[in-house]
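# Coordinates in review
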Amino acid sequence: MHTTVGIIGGGPAGLLLARLLHNAGIDSVVLERKDRAYVEQRQRAGILEQATVDVLRACGAGARLDAEGMPHDGIELRFAGRAHRVDFPELTGGRRVWVYAQTEVVKDLIALQLADGGPLLFEAEVHAVEGVDGDRPLIRYTHEGREQTLTCDYVVGCDGFHGVARDAVPDGVRTTYERVYPYSWLGILADAPPVYDELIYAHSERGFALASMRSPSVSRLYLQVPNGTDPADWSDERIWDELDARFALTANPGWRLKRGPVTAKAVLPMRSHVTEPMRYGRLLLAGDAAHIVPPTGAKGLNLAATDVIVLARAFARLKETGSTELLDAYSDTCLRRVWRAEHFSWFMTTTLHTDPDQSPFETKLQLSQLHRVATSRHAAAELAENYTGLALED
């Protein structure tokens, strides 16, 4: 089998790229190693930037998002027992974000792909990517118990941090940059209505906490915990008590979250990671295969979407004009945005979390920075512009 673009990975990046290519009249094949049920239930990000929402609407995947997604016009920062709201539209000229879970984005894109897109093969385990430095790369994979090959004009690796695509870039070419943080998140889903209609980011001497949501009746909540924490060590009651303690307000000591049954519980390690370059020969990396950000800045899914928007434009230019100019510029174009998002995610993470070895001096610096955001329009606008997503380059 041969296709113009072989896409490894059926997550949001691979599926969105396939949809954009289909709409541009470019054929592709998507190979996903997990089954459909697993892919549609994978719990990941839930915040969509304006540009991500715009492209989902434009490619035909916006109907459920518009019906069920929850637009947010700001976030609340809590620190030193006080609350401060950051108003996104007022600070950015109208931009906002949406709460719409990655699982739902994936369901929408899978439905479109299966209805009128190119082949989408579930349980297709990719073993190797070969010949990317030539003009006809090859993907070796197993599907329905048989070893198979897919030849392509180009291969796009959307198969995540542990996928095979990144390993196809030789060690002498590939450079990696990484920071592993000395804490993790204990995340829960709970059948409890959110207590607030926007996200709450809390800095506390007990550690960071985040109150988010998946729907008007389901809360998504996070606690900073030590690396290596076992979720089983945290009872539901202990989690709720700790969340209430970290969100405490001096002016409203009776403030509490609405409690309900905890339906899912997991620990998420925190790391920043970038692989350069994002292109080698006929292989292009996108999403987590090229970069990972800590989730504090809500950038992961949105960075992946930006990667494939840039890629789809480049492939469309190649089809229309025969020019590889945009493909040749792909890595540099994306990395400029990647490093901006890495910096913002690092800033949000290190400003809001308590390092196990943190001194009182460093805590005072964090509080000073948060106070600056709360009292300076310029500082608040910088946060709001980065959070809602910077404009895409032409």
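What counts as what
Residues numbered from 1 in each chain as written. Predicted model: local features only at pLDDT ≥ 70, side-chain atom pairs only at ≥ 80, totals over all residues. Heavy atoms only, no water. Salt bridge = Lys/Arg side-chain N within 4 Å of Asp/Glu carboxyl O. Helix = DSSP H or I, 4+ residues; strand = E, 2+ residues; numbered from the N terminus. Disulfide = S-S within 2.5 Å. Buried < 20%, exposed > 50% of the residue type's maximum accessible area, 1.4 Å probe, protein only. Pairing = 2+ DSSP bridges. Axes fitted to C-alpha atoms, helices over the stretch in contact; angles between N-to-C directions. Parallel < 35°, antiparallel > 145°, perpendicular 65-115°, else oblique. Left-handed = near helix turned anticlockwise from the far one by under 90°. Contact = heavy atoms within 4.5 Å. Nonpolar A, V, L, I, M, F, W, Y, C, P; charged D, E, K, R; others polar. Expected span 1.5 Å × (residues − 1). Polar contact = N/O pair within 3.5 Å; in protein donor to acceptor, adjacent residues only side chain to side chain. Core = buried A, V, L, I, M, F, W, Y, C linked by side-chain atoms within 4.5 Å. Phe/Tyr/Trp six-rings, centres within 6.5 Å; stacked < 30°, edge-to-face > 60°. Lys NZ or Arg CZ within 6 Å of the ring centre and 35° of its normal.

Looking at an unreviewed UniProt entry, one finds the protein chain named 4-hydroxybenzoate 3-monooxygenase and attributed to Streptomyces heilongjiangensis.

### Some words on the pattern of salt bridges
Tallying each qualifying case throughout the model produces 25 salt bridges. For glutamate 130, the salt bridge identified is with arginine 140, shortest N-O distance 2.9 Å. Taken together, the residues span a long stretch of sequence, with glutamate 130 in strand S9 (residues 124-130) and arginine 140 in strand S10 (residues 138-143) at a distance of 10 residues. A salt bridge links arginine 279 to aspartate 328; the shortest N-O distance between them is 2.8 Å. In this pair, arginine 279 is assigned in strand S17 (residues 279-280) and aspartate 328 in helix H9 (residues 325-328), connecting sequence segments 49 residues apart. Look at the salt bridges and you will find they share partners, linking Arg64, Glu68, Glu104, Lys107 and Asp108 into a network.

### Observations regarding the state of the cysteines
Per the counting criterion, the structure on display carries zero disulfides. Of all cysteine sulfurs in the structure, the one in cysteine 158 sits closest to cysteine 59, which takes part in no disulfide; the separation is 14 Å. Using a relative accessible area of 3% as the deciding quantity, one classes cysteine 59 as buried. Not part of a disulfide, cysteine 152 finds its nearest cysteine sulfur in cysteine 158, a span of 12 Å. Residue cysteine 152 is classed as buried on the basis of its relative accessible area, which comes to 0%.

### A word on the sheet that holds strand S7 (residues 97-99)
Strand pairing in a sheet relies on backbone hydrogen bonds, with the paired strands running either antiparallel or parallel. Taking strand neighbours across the sheet as the criterion, the three strands line up as S3-S7-S4 in an open arrangement whose pairing is antiparallel. Each of the sheet's edge strands pairs with one partner strand only, and the pair in question is strand S3 (47-48) and strand S4 (70-72). Strand direction decides the pairing type here: S4 and S7, joined by three bridges, are antiparallel. When the sheet's bridge partners are listed, histidine 72 is paired in S7 with valine 97.

### Topic: the packing of helix H8 (residues 300-321) against helix H10 (residues 330-352)
The geometry of H8 relative to H10 is characterised by a closest axis approach of 10 Å and an angle of 160 degrees between their N-to-C directions. The orientation of H8 relative to H10 falls into the category roughly antiparallel. Two packed elements cross with a definite hand, and for H8 against H10 that hand is right-handed. Between H8 and H10, the contacting residues are Leu303, Thr306, Asp307, Val310 and Leu311 on the first element and Tyr330, Thr333, Cys334, Arg337, Val338 and Ala341 on the second. Residue classes in the contact of H8 with H10 are distributed as seven nonpolar, two polar and two charged.

### As for helix H12 (residues 377-388)
Taking 1.5 Å of rise per residue, the 12 residues of H12 would be expected to cover 16 Å, and the 16 Å separating its terminal C-alpha atoms lies within 8% of that figure. Restricting attention to buried positions, one finds in H12 the residues Ala379, Ala380, Ala381, Leu383, Ala384, Asn386, Tyr387 and Thr388. Of the residues flanking the start of H12, the one acting as N-cap is serine 376, its side-chain oxygen 3.3 Å from the backbone nitrogen of histidine 378.

### Notes on the nonpolar core
Within the largest apolar cluster, 73 residues are counted, with the highest numbers of intra-cluster contacts made by Leu16, Leu31, Leu48, Val156 and Phe315. Apart from residues no more than four positions distant in its own chain, phenylalanine 315 is found in contact with Val5, Leu21, Ile26, Tyr154, Val156, Leu284 and Leu327. Grouped together as the second largest cluster of nonpolar side chains are 32 residues, Ile75, Tyr181, Tyr183 and Leu199 included.

### Section: the packing of aromatic side chains
All chains considered together, the criterion is met by 10 aromatic pairs. Measuring from ring centre to ring centre gives 6.1 Å for tyrosine 181 and tyrosine 183, while their planes differ by 25 degrees; the resulting arrangement is stacked. Both rings, one in tyrosine 201 and one in tyrosine 387, keep their centres 6.1 Å apart while their planes meet at 90 degrees; by these two values the pair is edge-to-face. Taken together, the residues span a long stretch of sequence, with tyrosine 201 in strand S13 (residues 199-202) and tyrosine 387 in helix H12 at a distance of 186 residues. Grouping residues by exposure puts tyrosine 201 and tyrosine 387 together as buried. Taken together, the ring pairs connect Phe88, Trp185, Tyr201, Phe208, Tyr222, Phe344 and Tyr387 into an aromatic cluster. Lysine 34 extends its terminal NZ or CZ atom over the ring of tyrosine 38, reaching a point 4.8 Å from the ring centre. Taking NZ or CZ as reference, arginine 166 lies 4.6 Å from the ring centre of phenylalanine 161, over its face.

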